[in-house]
Amino acid sequence: MNEVTEKVYQKACQLDPNQKEYLQAVGVFLNSMDKIVDDRPELTYHKILERVIEPERVVMFRVPWIDDKGQLQINRGFRVQHSSAIGPYKGGLRFHASVNLSILKFLGFEQTFKNSLTGLPMGGGKGGSDFSPRGKSDAEVMRFCQSFMTELYRHIGPDTDVPAGDIGVGGREVGYMFGQYKRLTNSFTGVLTGKGLSFGGSLIRPEATGYGLVYISDAILKGEGLSLEGKRCIVSGSGNVAQYTVEKLNQLGAIPVTLSDSNGMIYDEEGITLEKLAFVKQLKNVKRGRIAEYKDKYPQANYIPRDKQIANPIWDVKADYAFPCATQNEITIEDARNLVNNHVKYVGQGANMPCTAEAEKLMMDAGVLIAPAKAANAGGVAVSGLEMCQNSMRLAWTKEEVDARLKNIMTNIYQNMSAAADKYSEHNNFIDGANIAGFLKVADAMLGQGYV
Ligand code: NDP
Ligand code: 8G0
């Protein structure tokens, strides 16, 4: 960092010394900003960096609900409304035991620049709860979602803030929350995205993040004279993003060989084909089972339980490319060393901030090509933006139309981050490129709107 960015970072550290994920995201972002502060002195004069790292508003609330035994349970609810510079706040809701303010602030912060990169008019936000849907009945999940929305509804709206799903929040949860919003406000509007197809959802939204990740990866690799064809790919996670990453990798001729959850990983040397993926979708989305059961069905695969004391074996599988699609900081410095030693050439970030700052630096220094999350996984929020657009127009596009728009958006993101890297940083430094390209549009919108 230089003198300007270091000062901004030190202030953030003083204000929130315990928010480690938020400070990590801000730190990585400010490193990229070094390259533009000299070029754009008016940004420093108007304190754009100091302003843009601070959320416009944070809402925290209690969520009481009754479990199936009749016992009262209390969880914590949040909505971080990070930036409305270029559109209404937009971003997912995460229901997971690990959720806290630091994690949601990092996610809302990243969302702002990602949404800017999509070229669609969306600000950034994120929310959620430390409620875990795992092991809960449908009725418990419904009561929780209704209680959560009973507070959240007053803070959101189709032109104010448009939430969606994220970890632990899929079509079921979005549906329950939409139903409650409609009941409380007596209005049927596009206030949430990721809705069911029969009540305003968009085709291709479930597929969008994984498909978009593979589309942009294909474009990046082609730019280097490489391809996906016949390449072995590590994919982590086994939820929404991981599933559709595996699907599109298959369609483009690559060979995904792993999947995981928080209990362990499977390694299928013969490749996770579309037929095997159909089993995984049924297992995870319908039965809500664990990835360990893959081995019961396909005994030639290896199952390795997760031992948190040691480096994650998923990043030590021999492969060409890696697609982390589970959660933040899933690639540590030890994992990064394994990836480099195994000559993995490319990391496409499906999850948000999947690498620790040290891991990312080690891989960059070793020449691994990295597609940062705010570019690589922007397909999800991009199609959410298209869902908002369709809702406003009161029409629905075909899947071909949405898919074509998604492809086009991912190609534009690649070109914009690549051009920004060449102009301000170095060739193929997509981390700097995506941060700078995403930020400049937000900064110009902030400059134009005065001191807000
Ligand atoms: P899902 O809930 O569908 O799946 C999450 C997967 O990651 C599960 O396999 C889960 O395993 C695993 N996981 C979650 N938390 C942890 C943890 N703390 N430790 C280990 N494993 C964990 O979520 P998504 O697929 O939607 O999201 C995955 C990532 O992609 C997140 O970082 C999300 O923010 C990001 N993302 C999602 C988008 C979307 O459209 N859905 C868009 C852009 C980014 P387990 O079941 O054991 O918890
Ligand atoms: O559709 C969305 O707004 C959404 C949902 C889940 C995750 C993300 C993300 O970009 O991280 C966006």
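What you see is a predicted model, and the numbers here were worked out from it, not measured in a lab. (Residues numbered from 1 in each chain as written. Chains lettered and ligands numbered in written order. Predicted model: local features only at pLDDT ≥ 70, side-chain atom pairs only at ≥ 80, totals over all residues. Heavy atoms only, no water.)

Novice: How would you summarise the site of ligand 2 if you had to cite specific residues and measurements?
Specialist: Among the 14 residues in the neighbourhood of ligand 2, the closest are listed as K90, K114, G165, N352 and S384. With respect to ligand 2, the side chain of R205 contributes an N or O atom lying 3.0 Å from an oxygen atom. Within the contact set of ligand 2, an oxygen atom lies 2.9 Å away from a side-chain nitrogen or oxygen of N352. Considering ligand 2 on its own, with 320 Å² of exposed area, one finds that the protein chains cover 92% of that surface. Contributing elements (two or more residues each) for the shell around ligand 2: β3 (89–95), α5 (101–117) and α15 (378–393). A total of 3 residues in the shell around ligand 2 trace back to one element, the largest contributor, which is β3. Considering only residue class, the shell around ligand 2 consists of 2 nonpolar, 7 polar and 5 charged. (Near = heavy atom within 4 Å. Polar contact = N/O pair within 3.5 Å; in protein donor to acceptor, adjacent residues only side chain to side chain. Areas by Shrake-Rupley, 256 points an atom, 1.4 Å probe, with all protein chains shown as cover. Helix = DSSP H or I, 4+ residues; strand = E, 2+ residues; numbered from the N terminus. Nonpolar A, V, L, I, M, F, W, Y, C, P; charged D, E, K, R; others polar.)

Novice: Can you tell me about the site of ligand 1, naming the residues and giving the values?
Specialist: The environment of ligand 1 is made up of 24 residues, and the closest members are D166, T209, S262, R290 and N352. Note that an oxygen atom of ligand 1 is positioned 2.9 Å from one of the backbone N or O atoms of N240. Within the side chain of S262, a nitrogen or oxygen atom sits 2.3 Å from an oxygen atom of ligand 1. In isolation ligand 1 offers 880 Å² of accessible surface; the protein chains occlude 84% of this area. Counting only elements with at least two residues in the shell around ligand 1, the list comes to α8 (205–223), α9 (240–251) and β8 (258–261). By residue class, the composition of the shell around ligand 1 is 5 nonpolar, 13 polar and 6 charged.

Novice: Run through the side chain of T258, naming residues and quoting values.
Specialist: Inspection of the secondary structure assignment puts T258 in strand β8. Within the structure, the side chain of T258 is placed 2.8 Å from the backbone oxygen of V235, a separation counted as a polar contact. Not counting chain neighbours up to four residues away, the residues in contact with T258 comprise C233, I234, V235, M265, I266, Y267, I272, I314 and V317. (Contact = heavy atoms within 4.5 Å.)

Novice: Outline unusual backbone geometry, listing residues and values.
Specialist: The phi torsion at N186 lies on the positive side, around 55 degrees, for a residue other than glycine. Turning to its location among the elements, N186 is positioned in the loop between α7 (171–185) and α8. In the Ramachandran plot, R288 falls in the positive-phi region, its phi being about 50 degrees despite a non-glycine side chain. Tracing the backbone through its elements, the reader meets R288 in the loop between α10 (274–286) and α11 (293–297).

Novice: Hey, could you go over the environment of I216 for me, with residue numbers and the actual values?
Specialist: The topology assignment puts I216 in helix α8. By relative accessible area, I216 is classed as buried at 0%. Taking the C-alpha atoms as reference, I216 lies 27 Å from I53; in sequence the two are 163 residues apart. The contact partners of I216, leaving out residues within four places of it in the chain, are A375, A376, M410, I413, Y414 and M417. (Buried < 20%, exposed > 50% of the residue type's maximum accessible area, 1.4 Å probe, protein only.)

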